[in-house]
Amino acid sequence: MKNFPTFDTYPVREGKLTEMDYSLTETKFSLWSPVADEVKVLLYESGHDGLAYKTIPMNKGIDGTWNVVVQEELHGKFYTFNVKVGGRWLGDTPGIMAKAVGVNGQRAMVLDLNTTDPEGWENDVRPPLASFADIVVYEMHHRDFSIAPVSGITNRGKFLALTEEGTKSLFGEKTGLDHLIELGVNHVQILPSFDYASVDESKLVNNQYNWGYDPMNYNVPEGSYSTDPYNPAVRIKEFKLMVQALHKVGIRVVLDVVYNHTFDIVNSNFEKTVPGYFYRLDSKGKYADASGCGNEIASERAMMRKYMVESVLYWVNEYHIDGFRFDLMGIHDIETMNEIRKELNKIDPSIFVYGEGWAANTPQMPEELLAMKANAYKMPGIAVFSDEMRDGLRGPFNNDKQGAFLNGFPGHEMSIMYGLVGCISHPQIKNNSVNYSNEAWAVQPTQMISYVSCHDDMCLADRIKSTFPKASIEERMALHKLAETFVFTSQGIPLIFTGDEIMRDKKGVHNSYNSSDEINAVNWGQKSTYREVFDYIKDLITMRKFHPAFRMGDAKKVCNHMEFLPVKGSNLIAFILKDYANGDSWNNIVVAFNSRKKTAKISVPKGCYTIVCKDGKINLKGMGRVNGVKVAVPAQSALIMHE
Ligand code: CA
């Protein structure tokens, strides 16, 4: 491999990285490639078929940028670039900033994006959000969510599925968009929805499935989720229709972004543009692989940082995206993440940014410079997934059969309490007893993503089944509800994985990234079967919404008002949210969790409490009263009451 040791000396392109600028009379092409000997742009009639009808050499300009102006009306034509480096042509690429592509993302299209705006797009506004603390995230995959015929949805597996109102399951339960409204979430996090490589968009009848963590064109929606992957305008318009429909019902849209690696190196648009520059190399000069997917993006390089910032802003400005979930954020450097936060703040500080504060393998950068969980305190306004409470509840990622608190195993209480306070420094948390973190990594509780399952491994129902092979369905339902009660009473930001609210299972498959629909599709029929679980989780969300004590959003307030109550023995946790006014009609809220197989007693401050959650049932108007100071918490369930 030819070595390019001096990447830092490459000139940085000023202004935007626009590679195609269309007008009626001319189209300007430009590509950043400071190492190129020659660059040409090729024009085509089709996005996938036939040879170029014209090949035009580009001229070397300033900052390593190559330019050419074609004085013709090119709207609807397709184009690629080809770059010659070291005497070798690297092959066709739509560029790194393509914004419209044909089937399978091989060629870009000259397109006036204004023509893709749906009716009323200019009036589309971001639903209001007073504080990050108010956020409830629903993580979903387009195909999982709507592909089952029982969903009653017409555009199954497509962006448009989220625009359909009034859809119902065969059993009359609300599905799709109406289901989200009924559940009460206010953010959906859509799994990779930019153009990814692993699904052949020309063979969609084959029911291919992939999560989509294999990026190709970062600034274009994925074709397989559109109704016509051949027409580049269709996926763009349909994506916007989806955002518009969600906004209309008060739901914000979070994009799962995967800048940490590309599908492959040889065929990547980065590599075909400026070889080596966009990737980190290891000490032997080979491509490093912190993603576990074959490569590792060099976010710290000036042009890669600029690329990430510009790409994020593009999704906000063109598609009205409201938040970003950074896949393997720990591969990126802190400076880049803070730069993204800073630029987003200029547009709207309520745009939410969070990510996985880890990597698959050790990245080629000093740990203290990386956007790892332990460094979250260096990234104000950016949240991180917490594995402390998650694993304290259900057991570790790498062993599906190993249980934890939910299974009645002792010793996980402090890890869970750490998550309940939002991973901040709290006087009652003994950090040396927390599973993975010896100190608080969050400055504010809104920096913590609180969850018990996500797409990544076994979903909650499977995990409970796997760790409780002999449990009855009633027992599994009880534990399911108990687990989600932690998530929604944590001071962090709650996240729920599609279908966990209806006991969705993936038939025990841990890594279902390319499993069939049979494994991944949400069976909406289960909403009837497990209506009681759905209602319980819906009520938890309602409770959180109407009672700000559950989402104080401020570390000082949490320290002042959230106090763990003394309990005897293990598998019992109780806290009180005391004297928290701030508009909350409930005072002195007591929350207790018991994962033992028998009733436990806790001591609470003297008072008369109204019970709102007990033994797997919730009634926010109250279901009886109890006088302190000794209160019973039924087996394998949560108790919530207030004065
Ligand atoms: Ca694709």
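Cut-off values and rules
Residues numbered from 1 in each chain as written. Predicted model: local features only at pLDDT ≥ 70, side-chain atom pairs only at ≥ 80, totals over all residues. Heavy atoms only, no water. Helix = DSSP H or I, 4+ residues; strand = E, 2+ residues; numbered from the N terminus. Rg over C-alpha atoms; globule rule 2.2 N^0.38 Å. Buried < 20%, exposed > 50% of the residue type's maximum accessible area, 1.4 Å probe, protein only. Contact = heavy atoms within 4.5 Å. Areas by Shrake-Rupley, 256 points an atom, 1.4 Å probe, with all protein chains shown as cover. Lys, Arg positive; Asp, Glu negative; His and termini not counted. Charge placed at Lys NZ, Arg CZ, Asp CG, Glu CD. Donors = N, O, S within 2.8 Å, 3.2 Å for Na, K, Ca; no water. Expected span 1.5 Å × (residues − 1). Polar contact = N/O pair within 3.5 Å; in protein donor to acceptor, adjacent residues only side chain to side chain. Domains from an automatic or database assignment. Phe/Tyr/Trp six-rings, centres within 6.5 Å; stacked < 30°, edge-to-face > 60°. Pairing = 2+ DSSP bridges. Axes fitted to C-alpha atoms, helices over the stretch in contact; angles between N-to-C directions. Core = buried A, V, L, I, M, F, W, Y, C linked by side-chain atoms within 4.5 Å. 1 Å grid on protein atoms, 1.4 Å probe; cavity = no way out; pocket = protein on both sides within 12 Å on 5 of 7 lines; lining within 4 Å. Points joined across faces, edges and corners; volume = space filled by probe spheres on them. Nonpolar A, V, L, I, M, F, W, Y, C, P; charged D, E, K, R; others polar. Parallel < 35°, antiparallel > 145°, perpendicular 65-115°, else oblique. Left-handed = near helix turned anticlockwise from the far one by under 90°.

Peer 1: Tell me about the overall build of the protein chain, and name the residues and values.
Peer 2: Within the protein chain one finds 13 helices and 28 strands. In terms of overall dimensions, the protein chain is globule-like: its C-alpha atoms have a radius of gyration of 26 Å, near the 26 Å expected for 643 residues. Across its three principal directions, the C-alpha atoms of the protein chain cover 85 × 50 × 45 Å. Buried positions account for 63% of the 643 residues belonging to the protein chain. Nonlocal contacts in the protein chain, meaning residues at least 24 apart in sequence, comprise 71% of its contacts between residues at least 6 apart. Of the accessible surface of the protein chain, which amounts to about 23,400 Å², a share of 50% is contributed by carbon and sulfur atoms. Across the protein chain, the 69 positively charged side chains and the 78 negatively charged ones have centroids separated by 6 Å.

Peer 1: Help me get a handle on the coordination of the calcium ion, residues and values and all.
Peer 2: The protein atoms that coordinate the calcium ion are Asp 195 (OD), Tyr 196 (O), Glu 201 (OE) and Glu 222 (OE), at distances spanning 2.2 to 2.3 Å. Going along the chain, you hit the donors of the calcium ion in the pattern D-Y-x4-E-x20-E. Placement of Asp 195 in strand β12 (residues 194-196) and of Glu 222 in the loop between β13 (215-221) and α3 (232-248) is noted, with a sequence separation of 27 residues between them. Exposure remark for Asp 195: the relative accessible area of 0% places this residue in the buried category. Overall, Glu 222 belongs to the buried group, its relative accessible area being 0%.

Peer 1: Account for α3, naming residues and giving values.
Peer 2: Counting along an α-helix, one turn takes 3.6 residues, and residues three or four places apart therefore face a common direction. The terminal C-alpha atoms of α3, which comprises 17 residues, lie 25 Å apart, in line with the 24 Å expected from a rise of 1.5 Å per residue. Among the 17 residues in α3, 13 count as buried, and that is most of the element. At the N-terminal end of α3, a side-chain oxygen is found 3.0 Å from the backbone nitrogen of Ala 233, two or three residues along, and the residue is Asn 231. Directly after α3, the chain includes Gly 250, whose backbone phi takes a positive value near 85°.

Peer 1: Any chance you could break down the domain arrangement of the protein chain for me, citing the residues and the numbers?
Peer 2: Per the domain assignment, the segments of the protein chain are domain 1 (1-266 + 299-386 + 492-529) and domain 2 (561-642). Relative placement of domain 1 and domain 2: their C-alpha centres are 43 Å apart.

Peer 1: So what about the packing of aromatic side chains? Which residues, and what values?
Peer 2: Enumeration over the complete set of coordinates arrives at 38 aromatic pairs. With a centroid separation of 5.1 Å and 25° between ring planes, the pair formed by Tyr 218 and Tyr 259 is classed as stacked. Residue Tyr 218 is located in strand β13, and its partner Tyr 259 is located in the loop between β14 (252-257) and α4 (302-319); the two are separated by 41 residues in the primary sequence. Tyr 218 gets classed as buried once you look at its relative accessible area, which sits at 3%.

Peer 1: Can you lay out the sheet that holds strand β11 (residues 187-190) for me, pointing to particular residues and giving the numbers?
Peer 2: One closed barrel accounts for 8 strands, arranged β10-β11-β14-β15-β16-β17-β18-β19; its pairing is parallel. Each strand axis lies, on average, 30° off the axis of its neighbour in the sheet, ignoring direction. Here β11 pairs with β14 via 4 bridges, running parallel. The residue of β14 that forms the bridge with Ile 190 is Leu 255. Contacts from helix α5 (residues 334-347) reach β15 (323-326), β16 (352-355) and β17 (382-385) within the one sheet, and its direction differs from that of β16 by about 165°.

Peer 1: Summarise the nonpolar core; cite the residues concerned and give the values.
Peer 2: Ranked by size, the top nonpolar core spans 170 residues in total, and within it Phe 29, Tyr 138, Phe 239, Phe 324, Phe 326, Leu 420 and Phe 486 carry the most contacts. Examining the composition of this core, we find that 11 residues originate from one element, α4, more than from any other. In this structure, this core is formed jointly by two domains, domain 1 (1-266 + 299-386 + 492-529) and domain 2 (561-642), each of which donates at least three residues. The residues contacting Phe 486, other than those within four sequence positions of it, are Met 389, Leu 393, Phe 405, Ile 416, Leu 420, Ser 450, Ile 573 and Phe 593. Listed in part, the 16 residues of the second largest apolar core include Ala 592, Ala 600, Val 604 and Ile 611.

Peer 1: If you had to explain the layout of surface pockets to someone new, which residues and values would you point to?
Peer 2: If you add up the space inside the largest pocket, you get close to 920 Å³. What lines the largest pocket is a set of 34 residues, among which Ser 291, Leu 328, Glu 356, Ala 360 and Asp 456 lie closest to the centre. Here the lining of the largest pocket is built from residues that sort into 15 nonpolar, 10 polar and 9 charged. Lining the second largest pocket we find 24 residues, and of these Lys 16, Thr 18, Lys 99, Leu 113 and Tyr 314 sit closest to its centre. Sorting the residues of the lining of the second largest pocket by element identifies β1 (20-22) and α4 as the ones contributing at least two each. At 7 residues, the largest contribution of residues to the lining of the second largest pocket is made by α4.

Peer 1: Any details on the environment of Phe 352? Residues and values, ideally.
Peer 2: Within the secondary structure layout, Phe 352 lies in strand β16. With relative accessibility at 0%, the residue Phe 352 sits in the buried group. C-alpha of Phe 352 to C-alpha of Gly 323: the two residues are 29 residues apart in sequence and 4.4 Å apart in space. If we ignore the near neighbours within four places in the chain, the residues touching Phe 352 are Phe 132, Ile 135, Asp 322, Gly 323, Phe 324, Arg 341, Ala 383, Thr 446, Ile 449 and Ile 493.

Peer 1: Describe the packing of α4 against α5, naming the residues involved and giving the relevant values.
Peer 2: Look at α4 against α5: their axes get within 10 Å of each other, and the N-to-C directions meet at 30°. Judged on the interaxial angle alone, α5 and α4 are roughly parallel. At the point where α4 passes α5, the crossing takes the right-handed sense. Together, Arg 305, Met 308, Val 309, Val 312, Leu 313, Val 316 and Asn 317 of α4 and Glu 335, Thr 336, Glu 339, Ile 340, Glu 343, Leu 344 and Ile 347 of α5 make up the contact between the two elements. Class assignment for the residues of the contact of α4 with α5 results in 8 nonpolar, 2 polar and 4 charged.

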